[in-house]
Amino acid sequence: MDPILALIIGLLVGAILGVVIGLLVARVRAAAPTDRIDPEVLEARHQAAIAQVTAQEREQQARLSAELASITARAGAMGEQVASLQQQYKETIDRQRDEAQALAERERRESKVLQALTPVQETLRTMQNKVTELESQRSLQHGELSQQLKSATESEERLRSTAESLASALRNNSTRGVWGETQLRNVVQAAGLIERVDFDVQSSITSDAGAGRPDMVVHLPGGKNIAVDAKVPFSAFLEASQISVTATGEEGARREALIKQHVKVMRGHIDTLASKAYWAGLDASPELVIAFIPSESLVSSAMEADPSIMDYAFGKRVALASPVTLWSVLKTVAFSWQQDVLTDQAKTLFDLSKELYQRLATLAEHADKLRRSIDTTVNSYNQFANSLETRVLVTARKLNALDESKVIGATNTVEGTPKHITAAEMDLELPDEDA
């Protein structure tokens, strides 16, 4: 046991015994009478008190021994706890020292790593700034995109409303007719044809089949004509187009029925145009009439549902024409007109060239006559000058003696002659008319 702990325990026991003895002595003194007592009685009392004190002392000793044992046991346990705490303290100190060393080592390593990662840190900082900038731009673009999507939604709504209005308008037969005629006029003008020159609209035609009024009559070179009539089989196709192509079940069957109805209406238009026989009432017209369908999808959907409809139309002398097809045909007509105009202009140019050639030949004859007249005039003048020099002036100079103040000068002759026109263009002979 630790000496300090044993000393502390002894002091505690002595203090307790002193307190107990003091209490007993005080009790005996308090119980003694103030008058004189018999010594034997006093001795007996004294012995009884001593016995009582002894018994109490023994009890106190036993209790103190028990308490001392308990204290000793607790002191041993406390010693063991102190030893354990000392060991734990030592281990804690060692662990803290190790942790401090590990922390210092880790900080040293982290310092090296941070030094090595300094460029990376700068890069990350730059990247962070860039990310912040991109985020700002993204927010701005998101706002702009939201505004654009809102505008697109509004435009789509307006487009949907316009499409519904257009679809509603096209369900009207008169509106469809006007639309078909307008599309026909646009195609014809896009092909380069001119109204009242290359084509006429709403011309009346009378034939054995009766009176007719096609939407347009296109004039072909050589005095030929061809009738064009616009047809818009639209109602059934419009209802069918509102059903998805991939629809099945009742919707798919309904779409198929509507497409068949569209083909039936198309065949009805072909029969109607064939019965009017517009070509019979036109001068030099090919025996056919063009049925203009103002939408490619109207023709293609009918041909997909009924591939034989084109042969059926040809058999009825009706040519189905979409905007692209009709534009190609009319562009060919416009080119033919250009070639015809060029031919007329070439003939006119030939006639003008022939007339100019004849007039240049006449001009060449007049130039030759003028040259000969100039030659005659020069010869006459030269003869006059020679006569004047050799005859008249010789005699006149003899009069010089009479008046020397008057001197008659010499007369020069004309040495040059008119130049002959040698250009091939002026040496012309009229072509033989028979040739």
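Residues numbered from 1 in each chain as written. Predicted model: local features only at pLDDT ≥ 70, side-chain atom pairs only at ≥ 80, totals over all residues. Heavy atoms only, no water.

In the annotation of an unreviewed UniProt entry, the protein chain is listed under the name DNA recombination protein RmuC and assigned to Rhodoglobus aureus. Per UniProt, the protein chain has the following entry under Sequence similarities (unreviewed entry): "Belongs to the RmuC family." (UniProt positions renumbered as here; feature names shortened; annotations may be inferred.)

Caption draft 1: Representation of the overall build of the protein chain in the model. The helix and strand inventory of the protein chain stands at 9 helices and 7 strands. Taking all 435 residues of the protein chain together, the buried fraction comes to 21%. Restricting the contact set of the protein chain to residue pairs at least 6 apart, pairs at least 24 apart contribute 69%. With the model as given, the accessible surface of the protein chain reaches about 30,700 Å², and the carbon-plus-sulfur share is 57%. (Helix = DSSP H or I, 4+ residues; strand = E, 2+ residues; numbered from the N terminus. Buried < 20%, exposed > 50% of the residue type's maximum accessible area, 1.4 Å probe, protein only. Contact = heavy atoms within 4.5 Å. Areas by Shrake-Rupley, 256 points an atom, 1.4 Å probe, with all protein chains shown as cover.)

Caption draft 2: Just the nonpolar core, in detail. Judged by nonpolar contacts, the single largest core of 27 residues is most densely connected at Met266, Ile270, Val289, Val318 and Leu320. Looking at this core element by element, the count peaks at 5 residues for helix H6 (residues 249-276). Residues contacting Ile270, with those up to four places away along its chain left out, are Ile309, Tyr312, Ala313, Lys316, Val318 and Leu320. Membership of the second largest hydrophobic core comes to 19 residues, among which are Met216, Phe292, Ala321 and Ala334. (Core = buried A, V, L, I, M, F, W, Y, C linked by side-chain atoms within 4.5 Å.)

Caption draft 3: Geometry of the sheet that holds strand S6 (residues 289-292). If you walk across this open sheet you meet the 5 strands as S1-S4-S5-S6-S7, and the pairing is mixed. Edge positions in the sheet fall to strand S1 (199-201) and strand S7 (318-321), since each of these pairs with one other strand and no more. Ignoring strand direction, the axes of neighbouring strands in this sheet form an average angle of 25 degrees. Sheet topology note: the strand S4 (residues 216-220)/strand S5 (residues 224-230) ladder contains 5 bridges and is antiparallel. (Pairing = 2+ DSSP bridges. Axes fitted to C-alpha atoms, helices over the stretch in contact; angles between N-to-C directions.)

Caption draft 4: View of the confidence of the model for the protein chain. Mean pLDDT over the protein chain: 76, with 77% of residues reaching 70 or higher. Averaged pLDDT values for the elements of the protein chain fall to 68 in helix H1 (residues 3-31) and rise to 90 in helix H8 (residues 309-315). (pLDDT = per-residue confidence, 0-100.)

Caption draft 5: Representation of the packing of aromatic side chains. Per the counting criterion, the structure on display carries 1 aromatic pair. The lysine or arginine in question, Arg267, covers the ring of Tyr312, its NZ or CZ lying 4.3 Å from the ring centre. (Phe/Tyr/Trp six-rings, centres within 6.5 Å; stacked < 30°, edge-to-face > 60°. Lys NZ or Arg CZ within 6 Å of the ring centre and 35° of its normal.)

Caption draft 6: Structural context of unusual backbone geometry. Residues other than glycine seldom take positive phi values, yet Ala277 does so here, at roughly 50 degrees. Turning to its location among the elements, Ala277 is positioned in the loop between H6 and S6. Judged by its relative accessible area of 13%, Ala277 is buried. One non-glycine residue, Arg317, lies in the positive phi region at around 60 degrees. The residue Arg317 is located in the loop between H8 and S7 in this model.

Caption draft 7: Structural detail: the pairing of S5. Among the 7 residues of S5, 6 are classified as buried, and the element is accordingly described as predominantly covered. Bridge analysis of S5 against S6 gives 4 bridges, and the strand direction is parallel. Considered in S6, the bridge of Val228 is made with Ile290.

Caption draft 8: Molecular detail of the UniProt feature "coiled-coil region" (unreviewed entry) in the protein chain. Under the present numbering, the feature "coiled-coil region" (unreviewed entry) in UniProt falls on residues 86-117. Split by type, residues 86-117 is 97% helix and 0% strand. Its first and last C-alpha atoms lie 44 Å apart.

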